Amino acid sequence: MCGIVGYLGNEEKKEILLDGLQELEYRGYDSAGIAVIEGDKLNQFKAIGKLENLREKTKNYHTEGFGISIGHTRWATHGKPTELNAHPHLGAYSYVVHNGIIENYQELKVELQNDGVNFLSQTDTETIVHLFEKNHKTNTNVFSAFEETIQRLDGAYATLLITEADPDTIYFAKNGSPMLIGFNGDDVYFASSDTPIIGKATEVYYLEDGEYGYAKQGEVKLFDANGKKSFTKQALTTDKVSAQKDGYRFFMEKEIYEQSRVMTDTMIGRVLDESIAFDEIDTALFDSIKAIKICACGTSYHSALTSAYLFERIAKVRCDIEIASEFRYKEPLLTKDTLFITISQSGETADTLEALKMAKRAGLKSLSICNVDNSSIVRESDAAILTRAGIEKGVASTKAFATQTMVLWMLTLYMGQERNTISKEVLKTEIDAMLHAPKALIVTDELHAKLHRLSKRYLHGHGFFFIGRDIFFPLALEGALKLKEISYLHAEGYPAGEMKHGPIALADSELFTIALMPKTMHYDKIKSNVEELSARDATILAISPEPFELADDFVQTQYSSHPMVEFFEMMVVTQLLALEISVRLGNDVDMPRNLAKSVTVE
Ligand code: M6R
């Protein structure tokens, strides 16, 4: 996700910005840029791809003496990852960087275009710099022109603005997106999180929503809706790794909490009021396609399994799912009317990449769903949809699974819409449900505390069965995988209706059954499957909106009108359960034994 760094002082500005942006790399980005004003010298550099590209572009550029500077790493939301869309955005004599979303940018853009402003990028951010310069024409006081500007912005933002009209000052504002100010003597730093300024600034002030102001050497003035205000600095931590975790104990925990936000990022510009749009796909990709085959590994395979139900049910297209490592050696029969989809968080999984190459050799069209742009799988595919989860550090995948599943849900609707297999009314209902998904992913203190409490009862036993039906069966597989990976306890995911065909023989009080019991999907069927297990004395943890009297433990979810919304809420419950069990067992949550984040070998 996007990152901001700013610096005002006498040190080498280019290095402070580039080093700071490097510290934000772990959040993910697809382009980067910096702008520096030193007296009457104004310089700006942008590059797509890795920060190395920006370093290369700036290798002969050095700053000297006092100056002001801003930098940014961008994760594309409005507009593709291009140099023109990269920040800082330039007006006639000012630059701006911004994180968040300006919700009313279309309206502001039209207004500015009517005034003759020429926009260079497709971003919402560019409106800020033009609006500022428009205001500055009639209001020569730079600060009040800036104040007027931010008063017109709706949505979430953390923004820095520098202008030749006041070359000693950085203007800042924060609402909904994080930003902090660092201090060291007369030098002032800005960043979207602690890590870029650790080791440079000694004190920090974390801006609150609605705060804005300006910084000069040795002087920072802060304002909010009530006018000028005082603030208290605090000592800045010196521990970078813990700062990257944003206060969470583990990256996995942080990533579980991030899911609600990244899900919104995944939908931006794609889920419209009454339709689904994928700018990155040419609809010709679907021409003469009669079937879909998806290949993936691990968690990505589970998101694929979930989508098979949706592709057939909604898009009315046959969909087969294969584990990539199996697919490679089965001598599969491939026909050119099949669209070959690969799913991968890293984009580097060797088995998935090889499966993709096989499909390409057989002449199939290919599409990848991936979290890492420019990864091998993305480069190898005819088309790619990025999941926009941001960098995932925990080996146990969480937000990658959530966003993959969301992209697949969107894709089934997109295909249904393009192939006329769903009505406008059904599409609208699905979109409404989709927009509720981020809410279902919010982790409340109450829920987390409940799973922490429950986890102490699940540290032993001779195994876990996660059971579910329909799309909740792949979710059961995923819940079991999460638990296995980080608790080292044996867990299996099973289709609930299949238990009586064998596994029920294992049932006794030491067999823990995690029952996914959504109210919107086959509730009575799964209920009777769970009753059968309960009758054989299995210990039942039921996850459902509906109270279930035979449950030994019960986590109540919200009543919802759509199975996918229930799916995402139950997903969070299973992730937190695995996390809390692992913590109690004293395991390394983020780097479980024997596992690697990216499996680049066969
Ligand atoms: O990067 P990928 O999505 O291709 O990785 C696939 C699997 O290795 C991965 O999902 C693995 O199963 C995770 N550790 C699951 O938490």
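Residue numbers here run from 1 along each chain, matching the order of that chain's written sequence. With pLDDT at 70 or above as the cut-off, local features in this predicted model cover only qualifying residues; side-chain atom pairs require 80 or more to be listed or tallied, and sums for whole chains, interfaces and linings still use all residues. Only hydrogens and water are set aside when side-chain values are computed; all heavy atoms of the structure are taken into account.

**Quick notes on the nonpolar core**
Then step 1. As used here, the term nonpolar core means buried Ala, Val, Leu, Ile, Met, Phe, Trp, Tyr and Cys residues forming a set that is joined through side-chain atoms within 4.5 Å. The buried label goes to any residue with under 20% of its type's maximum accessible area, the exposed label to any with over 50%, and the partly exposed label to all in between, with areas taken from a 1.4 Å probe on protein chains only. By size, the foremost hydrophobic cluster in this structure holds 92 residues, and its most contacted members are Ile276, Ile294, Phe311, Ile341, Leu411, Phe464 and Phe568.
Then step 2. By definition, any uninterrupted DSSP run of H or I lasting at least four residues is a helix, any uninterrupted run of E lasting at least two residues is a strand, and each is numbered from the N terminus. Broken down by element, this core gets its largest block of residues, 13 residues, from helix α17 (residues 563–584).
Then step 3. Counting contributing residues per domain, this core is built from domain 2 (251–440) and domain 3 (445–584), each supplying no fewer than three.
Then step 4. Contacts are residue-level and defined by heavy atoms, with any inter-residue pair within 4.5 Å sufficient. Phe568 has contacts with Met263, Ala402, Thr405, Met406, Trp409, Ala437 and Leu441, leaving out every residue within four places of it along the chain. Either an automatic procedure or a domain database provided the assignment from which the domain bounds are taken.

**A word on the domain arrangement of the protein chain**
Then step 1. Here the protein chain is partitioned into domain 1 (3–239), domain 2 (251–440) and domain 3 (445–584).
Then step 2. Taking only C-alpha atoms, the centre of domain 1 and the centre of domain 3 are 46 Å apart.

**Let's talk about the side chain of Glu485**
Then step 1. With respect to the helices and strands, Glu485 occurs in helix α15 (residues 472–487).
Then step 2. On the accessibility criterion, Glu485 (15% relative accessible area) is buried.
Then step 3. Those residues within four positions of Glu485 in sequence are excluded, and the remaining contacts are Val395, Ala396, Ser397, Pro592 and Leu595.

**Quick word on the site of the ligand**
Then step 1. In these notes, residues near a molecule or strand are those with any non-hydrogen atom within 4 Å of it. In the vicinity of the ligand there are 15 residues, among which Ser300, Ser344, Gln345, Thr349 and Glu485 approach most closely.
Then step 2. Val395 places a main-chain nitrogen or oxygen 3.1 Å from a nitrogen atom of the ligand.
Then step 3. Contacts described as polar in this section are N or O atom pairs within 3.5 Å, which, within protein, must combine one atom able to donate a hydrogen with one able to accept it, while residues neighboring in sequence count only if both atoms come from side chains. Here an oxygen atom of the ligand sits 2.8 Å away from a polar atom, N or O, in the main chain of Ser397.
Then step 4. Shrake-Rupley sampling with a 1.4 Å probe provides the accessible areas, and residues are treated as covered by the protein chains on show and by no other component. The fraction of the free accessible surface of the ligand (410 Å²) that becomes covered by protein chains is 90%.
Then step 5. At the level of elements, α8 (298–315) and α15 are the ones that each hand at least two residues to the shell around the ligand.
Then step 6. Here the term charged refers only to Asp, Glu, Lys and Arg, the term nonpolar to Ala, Val, Leu, Ile, Met, Phe, Trp, Tyr, Cys and Pro, and the term polar to all other amino acids, Gly among them. Of the residues contributing to the shell around the ligand, the split by class is five nonpolar, eight polar and two charged.

**What to know about the pairing of strand β6 (residues 94–102)**
Then step 1. For β6, a buried count of seven out of nine residues is recorded, marking the element as mostly surrounded by other parts of the structure.
Then step 2. Pairing between two strands is assigned when DSSP locates at least 2 bridges connecting them. Here strand β5 (residues 89–90) runs beside β6; their pairing, made up of two bridges, is antiparallel. In the sheet register, His89 faces β6, and the bridge partner there is Val96.
Then step 3. The turn linking β5 back onto β6 is made up of three residues.
Then step 4. Looking at chain direction, β6 and strand β7 (residues 155–163) are connected through nine bridges and run antiparallel. Pairing of Ile102 across the sheet is with Gly155, part of β7.

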